[in-house]
Each structure stands twice: as C-alpha cells, then as structure tokens.
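Summary of structural features
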Amino acid sequence: MMTIEEIKENLAFAAKVMRCLPKTGPNGYISSWPAILCQPGETDVQPDGKNTYQPTAQDVSRMEEILDWFKPLNALETKLVWRRANKVSWKMISAELGYHRSKLDEKYRIALVKIQAVAT
C-alpha cells in the first residue's frame, strides 16, 4: 500500500508532466502580454518558452494512471488535490473555493485517503 507522501509525489509528477505537454489551441494567435521573466528553477519552462523537461511516452502513461485515481473523488476534492499537486498556496485555494484553510486541509486529507484506497 502506498503512503500518503508517495501519493503526493506521484500527483506532483503527474502535474509536472501535464505542464510540460505541448500546448493546444488555435495556431496563428499571439499574446500581447509581455513575457514573464522567471528565475532559474522557478518553473519547468524557460523564459524563451522551451521546456527543459520533455515527457516520454512512459511518463505520459504513468500520468494517465495517476489521473485515474481521481475517479472516486467529488468535484471539490478533485480541484483541491490537483491545485495542491501544482503547488498552489492554501491562501489562493481558500479564496477560490470559499472554505477556510483548516476545512480545506481536512478535505484534502480525506481525499488523499480515498486515493490511497484506490492506488493500492
């Protein structure tokens, strides 16, 4: 049986793979926003827009398996777990979902236990 920490690591891995997949959308459109300057190590994407990490087919398959863990979760739990996997702060999640941080932490722990039961 996987521990909660291993589940968190796997979810963070799936979020990283998802961020590094090629962007989809209509071609030919550009953004008028200025480029965001990042410090080295802040993101997986360099300021010139190139990924430093290219997921392999095995990484994508593993990500898909990890995303199957979300099936027993309700919509709120899914949003919460995915936002935490993407390292969004509790303050931002609290403002978005409308719950206090302690209530969100309780829901997060319950969701991780549900995932633990599925991810045997």
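Structure: above.
A short tour of the structure in this document, coming up. Keep in mind it's a predicted model, so treat the numbers as computed, not measured.

With that out of the way, let us pick up the packing of aromatic side chains. The final tally for this structure, using the stated rule, is two aromatic pairs. Ring centres of Phe-70 and Trp-82 lie 5.9 Å apart, and the angle between their planes is 75°; this geometry places the pair in the edge-to-face category. Of this pair, Phe-70 sits in the loop between α2 (57–67) and α3 (75–85) while Trp-82 sits in helix α3; the two residues are twelve residues apart in sequence, bridging distant segments of the chain. Each of the two residues, Phe-70 as well as Trp-82, counts as buried.

On to the pattern of salt bridges. As a working rule, side chains carrying opposite charge can pair if their charged atoms are close by. Applying the stated rule across the entire model yields six salt bridges. Put simply, Lys-8 and Glu-5 hold a salt bridge, and the shortest N to O gap is 3.6 Å. Separated by three residues within a single helix, Lys-8 and Glu-5 lie in helix α1 (residues 4–20), roughly one turn from each other. Judged by relative accessible area, Lys-8 falls into the partly exposed class, the value being 31%. Glu-77 is the partner of Lys-114 in a salt bridge, and the nearest nitrogen-oxygen pair spans 3.1 Å.

Turning to the nonpolar core, a few remarks are in order. Judged by nonpolar contacts, the single largest core of 27 residues is most densely connected at Ile-7, Leu-11, Trp-69, Leu-80, Val-81 and Ile-115. Mapped by element, the contributors of at least two residues to this core are α1, α2, α3, α4 (90–97) and α5 (101–118). Sort the elements by how many residues they give to this core and α1 lands first, with seven residues. When residues no more than four places from it in sequence are discounted, the contact partners of Val-81 are Leu-11, Phe-70, Leu-73, Tyr-108, Ala-111 and Ile-115.

Right, let's get into the environment of Leu-97. As for its position among the elements, Leu-97 is in helix α4. On the basis of relative accessibility, which here comes to 18%, the residue Leu-97 falls in the buried class. For the pair Leu-97 and Leu-76, spaced 21 residues apart in the sequence, the C-alpha separation amounts to 7.9 Å.

This part covers α3. Regarding α3, the residues found buried are Glu-77, Leu-80, Val-81, Trp-82 and Ala-85. In this fold, the buried residues of α3 make contact with α1, α2, α4 and α5. For α3, the N-terminal capping position is held by Asn-74, with its side-chain oxygen 3.2 Å away from the main-chain nitrogen of Leu-76. Looking one or two places after α3, you find Lys-87, whose phi comes out positive at around 60°.

With respect to the secondary-structure elements, Leu-73 resides in the loop between α2 and α3. On the basis of relative accessibility, which here comes to 9%, the residue Leu-73 falls in the buried class. As a C-alpha pair, Leu-73 and Leu-112 span 39 residues in sequence and 9.4 Å in three-dimensional space. If sequence neighbours within four positions are ignored, Leu-73 has contacts with Thr-78, Val-81, Ala-111, Lys-114 and Ile-115.

What counts and how
Residues numbered from 1 in each chain as written. Predicted model: local features only at pLDDT ≥ 70, side-chain atom pairs only at ≥ 80, totals over all residues. Heavy atoms only, no water. Phe/Tyr/Trp six-rings, centres within 6.5 Å; stacked < 30°, edge-to-face > 60°. Helix = DSSP H or I, 4+ residues; strand = E, 2+ residues; numbered from the N terminus. Buried < 20%, exposed > 50% of the residue type's maximum accessible area, 1.4 Å probe, protein only. Salt bridge = Lys/Arg side-chain N within 4 Å of Asp/Glu carboxyl O. Core = buried A, V, L, I, M, F, W, Y, C linked by side-chain atoms within 4.5 Å. Contact = heavy atoms within 4.5 Å. Polar contact = N/O pair within 3.5 Å; in protein donor to acceptor, adjacent residues only side chain to side chain.

In short, geometric facts, not functional conclusions.
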